[in-house]
Amino acid sequence: MVGYVTIDDRPAAGKEGFVVLMNKRAFLKLSSAWLATPVLSGLGGRAQREALRNWAGNLTYSTGEIHTPGSVEEIQQLVRKHRRLKVLGTRHCFNTIADSRDAFVSLARLNSLVRLDPTASEVTIEAGMSYGQLCPLIDARGFALHNLASLPHISVAGACATATHGSGIKNGNLATAVTAIEMVTADGEVATLTRSNDGERFQAAVVGLGALGVVTRLTLRVQPRYQMRQYVYEQLPLAEVQEHFEPIFSAGYSVSLFTDWQSDRVNSVWIKSREGSGAERSPTEPFFGARPATRHLHPIVELSAENCTEQMGVPGPWYERLPHFRMGFTPSSGKELQAEYFVPRRHAVDAFLAVSRIGRRFSREILISEIRAIDADDLWMSPCYKEPCVAIHFTWKQDWPAVAARMQVIEQELAPFQARPHWGKLFTISPALLRSRYEKLADFRKQIAIYDPQGKFRNEFLQKHLYDPDA
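How each quantity is defined
Residues numbered from 1 in each chain as written. Predicted model: local features only at pLDDT ≥ 70, side-chain atom pairs only at ≥ 80, totals over all residues. Heavy atoms only, no water. Helix = DSSP H or I, 4+ residues; strand = E, 2+ residues; numbered from the N terminus. Contact = heavy atoms within 4.5 Å. Areas by Shrake-Rupley, 256 points an atom, 1.4 Å probe, with all protein chains shown as cover. Pairing = 2+ DSSP bridges. Axes fitted to C-alpha atoms, helices over the stretch in contact; angles between N-to-C directions. Left-handed = near helix turned anticlockwise from the far one by under 90°. Nonpolar A, V, L, I, M, F, W, Y, C, P; charged D, E, K, R; others polar. Core = buried A, V, L, I, M, F, W, Y, C linked by side-chain atoms within 4.5 Å. Buried < 20%, exposed > 50% of the residue type's maximum accessible area, 1.4 Å probe, protein only. Phe/Tyr/Trp six-rings, centres within 6.5 Å; stacked < 30°, edge-to-face > 60°. Lys NZ or Arg CZ within 6 Å of the ring centre and 35° of its normal. Polar contact = N/O pair within 3.5 Å; in protein donor to acceptor, adjacent residues only side chain to side chain. pLDDT = per-residue confidence, 0-100. Salt bridge = Lys/Arg side-chain N within 4 Å of Asp/Glu carboxyl O. Arc of directions from axis to C-beta.

Helix and strand counts for the chain stand at twelve helices and 20 strands. Look at the contacts in the chain between residues 6 or more apart in sequence, and 70% of them connect residues 24 or more apart. Accessible area for the chain stands at about 18,700 Å²; split by element, carbon and sulfur atoms hold 49% of it.

This is the structure:
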C-alpha cells in the first residue's frame, strides 16, 4: 500500500490506485494528537507539527512534522538525526512521491540566487527558490531560461526532480537546463555532481525523484534574455491535427493545444513566439482552420482570463509569456486532479486519435486537456529519455473514484505506445509495467544504493514503483 491519508469517506480506487483510506473519525483523532504534540527542531530551523495538505487538497500527508532549516549545515544535522526523511517542496504533486510517515524538510528559507556567471552562462541558486522568484532576477541582469512550466509558482528543484516540463518541439524539459547539482546524501555529507565531470552519475541524479538526497543547490544554463509574443486561436479541426501535426507544433517556440475531447475540434491553440525568430504571426490570419481569438482566453474557456499571461500578440519578457498564468497570481487550492502521459513523438498522432475516440466517455469528469511537445534528453528517469515526446495532460474534477476509472481506460488506449506517466501526477499503471518502461531503472537503483544504502529517503511510493517486492 502507498500510505497517504485522506479525510474523504469514498471507496478506494482499484488495486493499482494510490488512495489508502482512513475514516474521518480516526483522521481527526490522529490530527488532534499531532496538534497536541509540539516539536522543536533544536537545529536553528523552525519545526512544526500539523496536518499538511497538497496544493490541490486531494491528499493529506502522512506526517505533519516539518523542519525549515536555514542553512546546508542544518540540513546535514537533520539528515544525520533522522532515520527517514523527505523533502517537501511547493506541494504541487498530486500523488505520494514526496510523502513521509516520519519527517519533512522544507527548503523554503533557502531561496537565494547564489551567483550569476555571465562568462559561463550559468546561474547557481538555492534549491528552495521558485521560478517566480528566479526569473525576474536573471531577466534584470540580461538573462533567461530556455523554458518554463505552465505555473511559475513551483520550486526549481522540485520541478527538475520530477522531469516537469514546458513546451516546445526543440525544448527539453526543465531539468535539461541543470549543469550542476549539490545535495546532502544519507550520511550527512555534501556531494556535488556536474554534467562536465560526472557523466552517468549526473544523469542519474538530476531527475532524482527525491531518492538520492536533499538537493541544496542547482546550477542552470542560461541564455540572453528575449521577448515573446503569445497568440491564441480557437476551434482547430482535429483533421488538421491529424494531417499537419509537425507543422502545428513547429509554428512557435512553444505550442499548446487545449481540448475537452467533446467535439471534432481542439478548443484552442496557444502559440508563443520569440521575437526575432522569424515566427511572428499575423493576429488576424487563421491557423490551419482555427480562427484568431478576439479576446483573452483561459485554457478553460468558461473561466476568466484575468490571471492568464498576456495574449493577442503583445510583446513582453520571456517569463511573462512562457507560463500560462501570471507570476503575480498565487493559485489557491486547485480543487482539481491532474494526470499526464508521455508518448514518443513518432506515435503522437495515433495516441492523440486514440484518446479522441473515447473522449466523450469522460465528459462529466474532464475539465481540460493540454497537449505539448518536449524534446529528448539523456536524464535516466525522465519520461523523455532518448525519445522526443508528446505529453497528453488531463485536468480532472475532484472525483477520484470516477477519474481513476477513466484513467484506466485511457492508459489501456495508450499502452501500445509505451506511455509513461508524469512522476508527480496521478496514474493507475501497475508498478511492474511502469518499471518495464524505464531502461535505466536498474542502473538508477545502483546509484540509490551508493548515495542512500539504507533507504533514508525512500518512501512507500518509491519502494512500490522502483523496486520489485518479490525480487
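Strand order in the open sheet formed by five strands is E5-E6-E10-E8-E9, with antiparallel pairing between adjacent strands. Of all the strands in the sheet, just strand E5 (113-117) and strand E9 (190-194) have a single pairing partner and so form its edges. On average, each strand axis in the sheet is tilted by 10 degrees relative to the strand beside it, whichever way the strands run. Relative to strand E6 (residues 122-126), E5 runs antiparallel, the two being bridged by four bridges.

The subject of this paragraph is the packing of helix H8 (residues 348-358) against helix H9 (residues 400-414). Taken N-terminus to C-terminus, the directions of H8 and H9 make an angle of 145 degrees; their axes are 9 Å apart at the nearest point. At the point where H8 passes H9, the crossing takes the right-handed sense. Residues Ala-351, Ala-354, Val-355 and Ile-358 of H8 form the contact with H9, whose participating residues are Val-409, Ile-410, Glu-413 and Leu-414. Of the residues assigned to the contact of H8 with H9, the class counts are seven nonpolar, no polar and one charged.

Turning our attention to the nonpolar core. Counting 137 residues, the largest nonpolar core has Trp-318 and Phe-444 as its most contacted members. If one sorts the elements of this core by residue count, H8 sits on top with seven residues. Sequence-distant contacts of Trp-318, defined by excluding residues within four places in its chain, comprise Cys-135, Ile-138, Asp-139, Phe-143, Ala-144, Leu-145, Leu-148, Arg-225, Tyr-226, Met-228 and Pro-323. Ranked by size, the runner-up nonpolar core spans seven residues in total, among them Leu-52, Tyr-61, Leu-88 and Phe-104.

This part takes up the packing of aromatic side chains. Counted under the stated rule, the structure contains 17 aromatic pairs. Here the aromatic rings of Tyr-226 and Trp-318 are separated by 6.1 Å at their centres, their planes lie at 40 degrees, and the arrangement is tilted. One end of the pair, Tyr-226, is in the loop between strand E11 (223-224) and strand E12 (227-237); the other, Trp-318, is in the loop between strand E16 (316-317) and strand E17 (337-344), with 92 residues separating them in the sequence. Overall, Tyr-226 belongs to the buried group, its relative accessible area being 6%. Among the residues examined, Trp-318 registers a relative accessible area of 0% and is labelled buried. Between Phe-394 and Trp-396 the ring centres are 5.4 Å apart and the planes differ by 10 degrees, which places this aromatic pair in the stacked class. For the pair shown, Phe-394 and Trp-396 are each scored as buried. Three or more aromatic residues link up through ring pairs in this structure, and these residues are Trp-261, Tyr-341, Phe-352, Phe-362, Phe-394 and Trp-396. One residue, Arg-274, lies across the ring of Tyr-253, its end atom 5.1 Å from the ring centre. Above the plane of the ring of Tyr-467 lies Arg-458, whose end atom (NZ or CZ) is 4.1 Å from the centre.

Glancing now at the side chain of Thr-176. Within the secondary structure, Thr-176 sits in the loop between helix H4 (156-161) and strand E8 (178-184). Separated by 2.6 Å, the side chain of Thr-176 and the backbone oxygen of Asn-173 make a polar contact. Discounting residues that sit within four places of it in the chain, Thr-176 has contacts with His-146, Arg-221, Asp-377 and Leu-379.

It is worth spelling out the side chain of Asn-459 at this point. For Asn-459, the position within the fold is in the loop between helix H11 (441-451) and helix H12 (460-466). For Asn-459, a relative accessible area of 10% gives the class buried. Here the side chain of Asn-459 touches Phe-461 through a polar contact of 3.3 Å, landing on its backbone nitrogen. At 3.0 Å, the side chain of Asn-459 forms a polar contact with the backbone nitrogen of Leu-462. With residues up to four places along the chain from it excluded, the contact list for Asn-459 reads Lys-86, Thr-96, Ile-97, Ala-98 and Asp-99.

Summing up the model confidence of the chain, the mean pLDDT is 88 and the portion of residues at 70 or higher is 87%. Segment residues 1-44: pLDDT under 50, and 90 contacts once partners within four positions in sequence are set aside and those in other chains are kept.

Okay, the environment of Ser-273 next. Assignment of secondary structure puts Ser-273 in strand E14 (residues 265-274). Taking the C-alpha atoms as reference points, Ser-273 and Gly-313, separated by 40 residues in sequence, lie 8.9 Å from one another.

Okay, the pairing of strand E19 (residues 389-396) next. The element E19 is extensively covered by neighbouring structure, given that eight of its eight residues are classed as buried. Every second residue of E19 is oriented toward a common face, with Cys-389, Ala-391, His-393 and Thr-395 on one face and Val-390, Ile-392, Phe-394 and Trp-396 on the other, all of them buried. As defined by bridge partners, E17 adjoins E19 across eight bridges and the pair is classed as antiparallel. For Phe-342, the partnering residue across the bridge sits in E19 and is Ala-391. Here eight bridges tie strand E18 (residues 366-374) to E19, and the two strands are oriented antiparallel to one another.

Moving on: the pattern of salt bridges. Per the stated rule, a full pass over the model turns up 13 salt bridges. In this structure, Glu-310 and Arg-326 form a salt bridge, with 3.8 Å as the shortest nitrogen-oxygen distance. Highlighted residues: Glu-310 in the loop between strand E15 (291-292) and E16 and Arg-326 in the loop between E16 and E17, separated in sequence by 16 residues. Members of the salt-bridge network, linked through shared partners, are Glu-200, Lys-440 and Asp-443.

Attention now goes to helix H3 (residues 131-140). Within the sequence span of H3, burial applies to Tyr-131, Leu-134, Cys-135, Ile-138 and Asp-139. Seen along its axis, H3 keeps its buried residues to an arc of 120 degrees; they face one direction. Turning to H3, the residues buried within the fold contact E5, E6, strand E7 (143-144), H4, strand E10 (214-221) and E16. Immediately downstream of H3, the backbone of Gly-142 shows phi near 90 degrees, a positive value.

The next thing to look at is H11. Taken together, the buried positions of H11 are Leu-441, Phe-444, Gln-447, Ile-448 and Tyr-451. In an axial view of H11, the angular spread of the buried residues amounts to 110 degrees, which keeps them on one side of the axis. The inward-facing, buried residues of H11 contact E8, E9, helix H5 (195-205), helix H10 (431-436) and H12.

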